[in-house]
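Here is what each chain is made of, one letter per residue.
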Amino acid sequence: SPSSNANMLAIEYSTLVDHFDLMVAYATRYPITGGVGTVDMTFNHALAGVCFEVKFENGVETEDFVTEFYLQSLYPTGTLLYGFDDSDPDPDKDAEDIKWFVADAAFDVDSKLYHWIDDGSKDRKFTGTSTATIYDNDGLIYVIPQAVTSATTLNFKTNIGESALHTARLTESNTINWEPGKIYTYTITIKGAGITLSVDIADWNVVDSNIDVNL
């Protein structure tokens, strides 16, 4: 973003357009006293990761396939600010703050967000003992960190249900904050004519990398 400067990185990110991860890192080196060798960078995920798994309740012997899946009522775009903003007296902590801002007008209640459709080759089969993970790429979608309310829904169809649309709120009453660097795994359990939803929250795994960036 043109509003970026030497102390603050500003990034406009749209999940409608961009489907890659976003990572940020900060480090300083003073050549007079610190030398001119390699600068180690610890990158942090600026987005949140969300995963959806579908299954029957335990004991059900039927098998089925997910044929379509999407979300509704989310902020698909946001602005990331990363850098010095004087929010913390410790300059190192202040520099690594990851802050997201969303505009009220960007709240999308109409679009089928993260729309997934089986083209006949996906094979998202689930039973009472095995789950179907919807998305590719380790089952994750990248989302703008935001407060998720009862307005946000997941929607899906199955082979047995044909055109019937199953819908569930991501939260019924309490707001869930999708935070940077966290993975939210939602397990959707079909029980007769109804469904239940549970969520597991974990930190993104740490992976060592030997990628060199020459400046």
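Everything here concerns the structure above.
Residues numbered from 1 in each chain as written. Predicted model: local features only at pLDDT ≥ 70, side-chain atom pairs only at ≥ 80, totals over all residues. Heavy atoms only, no water.

Caption draft 1: The overall build of the protein chain, seen in detail. Within the protein chain, the secondary structure is distributed over two helices and 17 strands. In terms of overall dimensions, the protein chain has C-alpha extents of about 70 × 40 × 30 Å along its principal axes. For the protein chain, buried positions account for 37% of its 215 residues. A separation of at least 24 residues holds for 67% of the contacts in the protein chain among residues at least 6 apart in sequence. When the accessible area of the protein chain is evaluated, it comes to approximately 12700 Å², of which 49% is carbon and sulfur surface. (Helix = DSSP H or I, 4+ residues; strand = E, 2+ residues; numbered from the N terminus. Buried < 20%, exposed > 50% of the residue type's maximum accessible area, 1.4 Å probe, protein only. Contact = heavy atoms within 4.5 Å. Areas by Shrake-Rupley, 256 points an atom, 1.4 Å probe, with all protein chains shown as cover.)

Caption draft 2: Representation of the pattern of salt bridges in the model. What the rule picks out here adds up to seven salt bridges. For E68, the salt bridge goes to K112, with nearest N and O atoms at 3.9 Å. Here E68, found in strand β5 (residues 64-72), pairs with K112, found in the loop between β7 (98-101) and β8 (113-117); they are 44 residues apart in sequence, far enough to count as distant. Owing to a relative accessible area of 11%, E68 belongs among the buried residues under this scheme. With a relative accessible area of 43%, K112 lands in the partly exposed category. A salt bridge links E68 to K157, with the shortest nitrogen-to-oxygen separation between them at 3.7 Å. Separated by 89 residues along the polypeptide, E68 in strand β5 and K157 in strand β13 (residues 153-158) bring together distant segments of the chain. (Salt bridge = Lys/Arg side-chain N within 4 Å of Asp/Glu carboxyl O.)

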